[in-house]
Every structure is written in C-alpha cells, then in structure tokens.
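So you can see what is in the structure, the chains are spelled out below.
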Amino acid sequence: MISKAFVFLTALFFAFGALSTSLAFPNDPELLKRQENEDTSARTSGGGFGAVNPPPPPGPPRFSGLKLVNDRAHPWKPLRNGDERGPCPGMNTLASHGYISRDGVASPSQMVTAVQEGFNMENQFAIFVTYLAHLMNGNLVTDLLSIGGKTRKTGPDPPPPAHAGGFNVHGTFEGDAGMTRGDAFFGDNHSFNETRFQKFIDFSNQYGGGYYNITVAGELRHQILQDSIATNPQFSFKNVRYFTGYGESAFPINFFVDGRNTERKLDMGSARSFFQHMRFPPDFHRSPKPTSNEGIAEIFTMHPFLPGGNVDGKVNNFMVDPNSATFSTQCVLYADIVNTVQGLYPRPTGVLRRNLIKNLGFFYSSLPAALGAQCEELFPYGRL
C-alpha cells in the first residue's frame, strides 16, 4: 500500500554564487529578476566559476495560497540561442517565464524557490526532487544545474565518471515511457513528441471526455509502458524511474490545472501550452495549497506494474527486477540513489567532497516527508 506521505516522492520530472538575497526574500519578483540577470551575466562575462559552499535549501514561502502566476512580473519570452530546455515541461515553463534564469541554468535553491512560487509545490517534496536531480546531474562544485543538456554555463566538468549533464541525461533522472517525450533508444529523450502527445489527447477523449484526469492518467500510463516494452529493446523502468514515471502521470493534474478549477481536470489547450510551448495559459493561477503527488496511488492501482525492463536486447522480453525499489520498499530506493551518486563520484576530495556531503544531507533531510519512512542515513563520504 502506498502511504499518503510517500506520494510526495514521485513527480521528479517536474517537475527545480550569490544566493543570500534570494534565500532571504524568495518570493520578491523584482529581486528574482535582478538575481536572474546577475547570474546570467556572471556566467557569460568570462569571469570564470568559483567554488560555492552550498547554502541550506529554502523553507516554505510566506504565502502558500491561490495566486496568479502568469503575471506582469513573469512574462513569457521565446527561447534565445543557447537557452537550455529539457524533458521536464514544468521547469521549462518556469524558465520561459523567468521564475529561474531564462537560460535554464540555476542553483538547486533557486529551483526549489521557483517550483514553490510558480506551482505551489510542497516544500519537502520540492527539496527531495531538486536535490536528487542535482546530485545526479548537476555541478556540485559551482552549485549549478541545467534543466536541459550539458552546458558550459554550469562550470568546468567534474572528474569522470560524473558528467554534470543536466536533466537530459538518460538513466539517472530522466527515463523511458514518458508521456510527451520519446525513449532515449530512439535518439531524442527531451524534445516534445507530437506522436506521444496525440496519444495523450486520444486517451483524454476516450476516458476523460476531452480532459486529462486520474482515470486517463492510469490508462495512459499502462499503455505507454506496454508500447515501450513492445518497441524499445533497451526499455528500463525501475528504481528512480519507476517512481518518477508514475509521478509524471499525476503531475499535470496537480500542477497544470488552474487552481480555481475544483474539478482537477486538464483541458487539451492548456496541456499543449505547458508540454509543447513551455508557457502558462492566460490568467493561470497556481494550486490553492502546497501540493505534491495527490492521486498517484489511484493511478498505480488501476494497472499495477512491477519494476523491471527488457533483457537481452530484445523487445517484448520484459523481466521484473527483484532488486529494484518498489512502493513498499522505500529505503531501498534511498540506498540505490546514494549508490548511484557514489558510482559517479568514487573518490572525491576537497571542495567536491564537502559539497557532496552537504547536498546528500540536504537530500536526506526531506526523506521522512517524501518517503513516509525512517531510513538510516548513509554517509559514503564521511561527515563534516
């Protein structure tokens, strides 16, 4: 059974220096705009990148109710050459409206503030998903993360096998069986995929009367899994991706539906606005309360599916992975995440080791709320 607290975990796709002022005044639009300009200027002026001692993640915002977020302080702007966008339509939208730097590179603290401000995402859930992404795909020395692909804007490369490759990296944060993005095996795991979106529309018409709702989410999740099993010989859906895949299905209902709409169903025009155009619909209001992943238990129980993947490089050759975390073995997921980070950074020293210890601590601090379980904290790099 999936605990109520544990549903915080699984919307990972959406779903993310000079940080002191943004932490002190996290919801000041003018300050965020100035911070964006300063951060972008610092990264492009040729002044180099300094090591950052990462600050603690921000706490909840002062106001957490219904609010217009497609406002005059956050106008949508088209992409410029070099701007990063990736597989997460929520972060893409926040960047295009200036809730984080419009170039798509920001610190995890800035991303936590942005998802709280723009979507009213619950604080502990926001910390969990953001620091998970940062540990796997960010630059831990400069404290910067790309919401798209690898970019020089995050700073010098870390020692291999780490990559600081951003959200687009397959197999860590991003994964197979996405609703509007293709599987990495077919070459593009981050761009809007019209074919998949048409299936999103078809299922919304068939099961939701033209809207995307919980029933549609359960049926579509099941069908996309079957499609990937049948077409992708390298299909994998386990551990982190097992949770993010189900979270991805709940995310549009919780965060893309206007907060004034009590029916919690997403119309197709708004869906396309977010998924394809990376844009809030006109007059869009965020959720009226801090939100995580309400509805995920219902989505899962419609068509229960065990984690695993195709084996031997063959389609339709799915096997359950008995070692993968499931919804009833939450601490196995935590251990898998820490082991993945340790594989990326086997022998860190100096500032990198310090920042790994601190970021793993920030990540762990959100675990009780996010997982609904008390997991023993792991210290692969010791303590400070």
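My aim in this report is to walk through the structure given alongside it, one point at a time.

About the cut-offs
Residues numbered from 1 in each chain as written. Predicted model: local features only at pLDDT ≥ 70, side-chain atom pairs only at ≥ 80, totals over all residues. Heavy atoms only, no water. Salt bridge = Lys/Arg side-chain N within 4 Å of Asp/Glu carboxyl O. Helix = DSSP H or I, 4+ residues; strand = E, 2+ residues; numbered from the N terminus. Buried < 20%, exposed > 50% of the residue type's maximum accessible area, 1.4 Å probe, protein only. Phe/Tyr/Trp six-rings, centres within 6.5 Å; stacked < 30°, edge-to-face > 60°. Lys NZ or Arg CZ within 6 Å of the ring centre and 35° of its normal.

1. Comments concerning the pattern of salt bridges
Evaluated as defined, the whole model comprises 13 salt bridges. A salt bridge links Arg196 to Asp183; the nearest nitrogen and oxygen atoms lie 3.3 Å apart. Here the residue Arg196 occupies a position in helix α6 (residues 194-208), and Asp183 occupies one in the loop between β2 (145-146) and α6, the gap between them amounting to 13 residues. Like Arg196, the residue Asp183 is buried in the burial classification. Put simply, Asp258 and Arg260 hold a salt bridge, and the shortest N to O gap is 2.9 Å. Overall, the relative accessible area of 17% leaves Asp258 in the buried class. Using a relative accessible area of 43% as the deciding quantity, one classes Arg260 as partly exposed. Here the residues in one salt-bridge network are Arg221, Arg241 and Glu248, joined through shared partners.

2. So, the packing of aromatic side chains
Tallied over the full model, the rule gives 37 aromatic pairs. When the centroid spacing of 5.8 Å and the interplanar angle of 70° are considered together, the rings of Phe119 and Phe280 count as edge-to-face. In this pair, Phe119 is assigned in helix α4 (residues 108-119) and Phe280 in the loop between α9 (268-275) and α10 (296-302), connecting sequence segments 161 residues apart. In terms of burial, Phe119 and Phe280 fall into one category: buried. For the ring pair Tyr246 and Phe300, a centre distance of 5.4 Å and an interplane angle of 75° mean the geometry is edge-to-face. Residue Tyr246 is located in helix α8 (residues 239-255), and its partner Phe300 is located in helix α10; the two are separated by 54 residues in the primary sequence. Positioned above the aromatic ring of Tyr211 is the side chain of Lys265, whose terminal nitrogen or guanidinium carbon lies 4.2 Å from the ring centre.

So far we have only geometry, and geometry alone does not tell us how the molecule works.
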